[in-house]
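# An overview of the molecular structure
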Amino acid sequence: MSSTSGRRAFGGAFGGYGLDSYDFFTLPLSMVAIAAYFGLDSGQTGLLTTVTLVVSAVGGALAGILADRIGRVRALMITVGTYAVFTVLCGFAPDYETLLLFRAFQGLGFGGEWAVGAILVAEYASGKHRGRTLGAVQSAWAAGWALAVLVYTLVFQFLDADTAWRVMFWTGALPALLIIYVRRNVEDAPEAARQRRESPEKGSFATIFRTGLLRTTLFATLMSAGVQGGYYTLATWVPTYLKTERGLSVVGTGGYLTFLISGAFLGYLTGGYLTDRLGRKKNIAIFAVLSALAILVYVNIPGSADGLLLVLGFPLGFCMSAIFSGFGSFLSELYPTAVRGTGQGFTYNTGRAVGAFFPTLVGFLATGWGVGGALVFGAVGYGLAVLALLGLPETRGRELL
């Protein structure tokens, strides 16, 4: 980002997405402890993630409309504040039903932050370097994930499990500091803000389903559903798989996840570069295929080969993250400025809601297949994403109008 305003926007979006990731992963990392505390089966624990992601579709779609009507920065602050408040409240939940309710409301803010932040940065970035710039924003997800694993390792080492999972949620108050930074330092891209104000169109669901945008909306939603179905299957169930079927301790699980997250961080950065070099569609297609193959290999490693499991966590994290690097630029470039927030918010988060049923399905399948066997179902999502790309145009180098 060449301008001071652009760099500040990047900082706000990076911080927002990183803390979005941190707040999301407080649940998967604490899932075993939560299940034991409330006496839950695998289907019920999977439902906690599914509810978060389904409600995030509503939050993301509404945040997109809000971004088109009141501006990107104001919408960003609202989404960050929402997911922070309800993550903290999850730590006070007295029973499973209350936790499910608070987690659902957390999804409202969680769903909206990425779309709003990505658009904010995309409108500052040039067409030539937009992919790698948004890929760098995406890498914040790995940074937030790593921070969550670090805090999880420390908290669960020094506190009993019944208290530790609550403390994990209470640390979700961190994003409040980011809101102060965004309010003081970040503003919408001037040209994009002018175009949005002067356009006769205003963000609404009807505009993205009109002739000319309907095909784009449908195929972009299907692509998003496939990729996120595969991703959230892994993000939700790999920690449980490592503990229950591979017999790893808290520290051991953290070590394995370190390889996975390191691969994810480099995957985001590499994918951002490749999406500018190869094009948005090729980048997504290549890493969808590689992610599906990585899942199949990862869950079929013999029980005696834990060292190999450790090493293969790196390419697994790399592939399943590199695919996301093109999302921010691709979805931004598919829609005009006046409805960009609505289009990106709806397609990404509706796809997330559909993909959210994958973790729940895996939870129920795990009863008979085991968690490792059920994880293979995540590969199906990546196949759907490749098919969806056939209905979308290539947008590499497109200037935002």
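Predicted model only: the values in this text are computed from it and were never measured.

## A short note on the side chain of Gln138
Structurally, the position occupied by Gln138 is in helix H5 (residues 130–158). Among the polar contacts made by the side chain of Gln138, one reaches the side chain of Tyr17 at a distance of 3.5 Å. When sequence neighbours within four positions are dropped, the list of residues in contact with Gln138 reads Tyr17, Trp114, Tyr268, Phe324, Ser325, Phe327 and Gly328.

## Comments concerning the packing of aromatic side chains
Inspection of the entire model under this criterion finds 23 aromatic pairs. Between the aromatic rings of Tyr17 and Trp141, the centroid separation amounts to 5.2 Å while the plane-to-plane angle is 40°, which identifies the pairing as tilted. A residue pair is termed long-range when its members are at least 10 positions apart, and Tyr17 in helix H1 (residues 4–38) and Trp141 in helix H5 qualify at 124 residues. Across the pair, exposure class does not vary: Tyr17 and Trp141 are buried alike. Among the aromatic residues, those joined into a cluster by ring pairs are Tyr17, Phe24, Phe25, Phe110, Trp114, Trp141, Trp145, Tyr231, Phe324, Phe327 and Tyr348.

## Considering the confidence of the model for the protein chain
Counting all residues, the mean pLDDT for the protein chain is 84, and 87% of those residues have values of 70 or more. In the model of the protein chain, helix H16 (residues 357–375) stands out as the element of lowest mean pLDDT, 66, in contrast to helix H6 (residues 161–170), which has the highest, 94.

## Some words on the nonpolar core
Grouped together as the largest cluster of nonpolar side chains are 108 residues, with contacts concentrated most on Ile34, Trp141, Trp145, Met223, Tyr231, Phe327 and Tyr382. Ranked by the residues each element gives to this core, the list is headed by H1, at 14 residues. Look past the residues within four positions of Met223 in its chain and what remains in contact with it is Ile284, Phe327, Phe330, Leu331, Ala385, Ala388, Leu389 and Leu392.

## Focus on helix H2 (residues 42–70)
Helix length check: H2 (29 residues) gives 41 Å between terminal C-alpha atoms against 42 Å at 1.5 Å per residue, within 8%. Taking the backbone nitrogen of Gln44 as reference, a side-chain oxygen 2.8 Å away marks Asp41 as the first, capping residue of H2. Downstream of H2 by one or two residues, Gly71 has phi in the positive range, about 110°.

## Section: the packing of H1 against helix H7 (residues 175–185)
Axes are the key here: two packed helices are described by the angle between their axes and the distance separating the axes. Remark: H1 packs on H7, axes separated minimally by 10 Å, with the N-to-C direction vectors making an angle of 165°. On the basis of their axis angle, the class for H1 and H7 is roughly antiparallel. Here H1 runs over H7; the crossing is left-handed. Between H1 and H7, the contacting residues are Arg8, Gly11, Gly12, Gly15, Gly16, Leu19 and Asp23 on the first element and Pro175, Leu178, Tyr181, Val182 and Asn185 on the second. Class assignment for the residues of the contact of H1 with H7 results in 5 nonpolar, 5 polar and 2 charged.

Rules used throughout
Residues numbered from 1 in each chain as written. Predicted model: local features only at pLDDT ≥ 70, side-chain atom pairs only at ≥ 80, totals over all residues. Heavy atoms only, no water. Helix = DSSP H or I, 4+ residues; strand = E, 2+ residues; numbered from the N terminus. Polar contact = N/O pair within 3.5 Å; in protein donor to acceptor, adjacent residues only side chain to side chain. Contact = heavy atoms within 4.5 Å. Phe/Tyr/Trp six-rings, centres within 6.5 Å; stacked < 30°, edge-to-face > 60°. Buried < 20%, exposed > 50% of the residue type's maximum accessible area, 1.4 Å probe, protein only. pLDDT = per-residue confidence, 0-100. Core = buried A, V, L, I, M, F, W, Y, C linked by side-chain atoms within 4.5 Å. Expected span 1.5 Å × (residues − 1). Axes fitted to C-alpha atoms, helices over the stretch in contact; angles between N-to-C directions. Parallel < 35°, antiparallel > 145°, perpendicular 65-115°, else oblique. Left-handed = near helix turned anticlockwise from the far one by under 90°. Nonpolar A, V, L, I, M, F, W, Y, C, P; charged D, E, K, R; others polar.

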